[in-house]
Amino acid sequence: MLKYVPELTDIVAEEIPDRVTLAVEISNCRGNCPGCHSPFLRNDIGTELTPVLVDKLLADNFGANCFLFLGEGNDSEALLNLARHIKSAHPGVETAVYSGRDKVEDSFYDAFDYVKTGPYIAALGPLDNPNTNQRLYYHGKDITSVFWRKILTENK
Ligand code: SF4
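Asks: Describe the site of the ligand, with residues and values.
Replies: Surrounding the ligand, one finds Cys29, Gly31, Asn32, Cys33, Cys36, His37, Ser38, Arg42 and Tyr120. Assessed atom by atom at 2 Å from the grid points, the ligand resides in the largest pocket. In terms of residue class, the shell around the ligand is made up of four nonpolar, four polar and one charged.

Asks: Can you lay out the nonpolar core for me, pointing to particular residues and giving the numbers?
Replies: Core analysis: the largest hydrophobic core is formed by 25 residues, its most contacted members being Val24, Leu49, Phe67, Phe69 and Phe112. Per-element tally for this core: the top contributor is helix H2 (residues 76–89), with six residues. Look past the residues within four positions of Leu49 in its chain and what remains in contact with it is Leu2, Lys3, Tyr4, Val24, Ile26, Val54, Leu57, Phe69 and Leu82.

Asks: Go over the packing of aromatic side chains with me, naming the residues and quoting the values.
Replies: Aromatic ring pairs are defined here through the distance separating the ring centres and the angle between the ring planes. The final tally for this structure, using the stated rule, is five aromatic pairs. Here the aromatic rings of Phe69 and Phe112 are separated by 5.9 Å at their centres, their planes lie at 80°, and the arrangement is edge-to-face. One end of the pair, Phe69, is in strand E5 (residues 66–70); the other, Phe112, is in the loop between helix H3 (106–111) and strand E7 (114–117), with 43 residues separating them in the sequence. Each of the two residues, Phe69 as well as Phe112, counts as buried.

Asks: Which residues make up the environment of Leu136, and what values go with them?
Replies: The residue Leu136 is located in strand E8 (residues 135–138) in this model. Leu136 sits 38 residues away from Tyr98 along the chain, and the two C-alpha atoms are 8.5 Å apart. Sequence-distant contacts of Leu136, that is, excluding residues within four places in its chain, are made with Glu15, Ile16, Pro17, Tyr114, Val115, Lys116, Leu127, Lys141, Asp142, Ile143, Thr144 and Phe147.

Asks: Talk me through the layout of surface pockets; I want residue IDs and the actual numbers.
Replies: Here the largest pocket defines a volume of roughly 880 Å³. In this structure, the largest pocket is lined by 34 residues; those nearest its centre are His37, Leu70, Tyr98, Lys116 and Gln134. A per-element tally of the lining of the largest pocket places helix H4 (residues 145–154) first, with four residues. Class assignment for the residues of the lining of the largest pocket results in 13 nonpolar, 10 polar and 11 charged.

Rules behind the numbers
Residues numbered from 1 in each chain as written. Predicted model: local features only at pLDDT ≥ 70, side-chain atom pairs only at ≥ 80, totals over all residues. Heavy atoms only, no water. Near = heavy atom within 4 Å. 1 Å grid on protein atoms, 1.4 Å probe; cavity = no way out; pocket = protein on both sides within 12 Å on 5 of 7 lines; lining within 4 Å. Sits in = over half its atoms within 2 Å of the grid points. Nonpolar A, V, L, I, M, F, W, Y, C, P; charged D, E, K, R; others polar. Core = buried A, V, L, I, M, F, W, Y, C linked by side-chain atoms within 4.5 Å. Buried < 20%, exposed > 50% of the residue type's maximum accessible area, 1.4 Å probe, protein only. Helix = DSSP H or I, 4+ residues; strand = E, 2+ residues; numbered from the N terminus. Contact = heavy atoms within 4.5 Å. Phe/Tyr/Trp six-rings, centres within 6.5 Å; stacked < 30°, edge-to-face > 60°. Points joined across faces, edges and corners; volume = space filled by probe spheres on them.

Following this line, the structure appears as structure tokens:
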């Protein structure tokens, strides 16, 4: 079973480049990032995220073209099945996952268009910090530098 925190569900602009992204925060995180920014997500909190609920969230947020799982939770099979459900039931919506692990299984690259890897290390910063240890892949290609180009353009 995969659980999410309903009150934190939101449309986000920064996490996935050039997409209108509906993001859900997944609880039961098994990570142990130094300087974890959301320790409450390590707890067993929230509501089970089901295919029916995913459909409702997408219907309630018409126009979203990416569904982002912020975290993996503690049930990889449930996570992958939800991503597969989105791909088959919502062909115009891409799938994304923010993992806290350095490496994920190949099945993640099949189920998700976007895969973020790497634990959060406060001293190295998130994806938009050029020193970051984290990586964002699109169909297996490392596109992390897109975040750095954005910063350089904004600072010009
Ligand atoms: S992935 Fe890391 S930063 Fe995110 S909730 Fe889990 S331990 Fe915290």
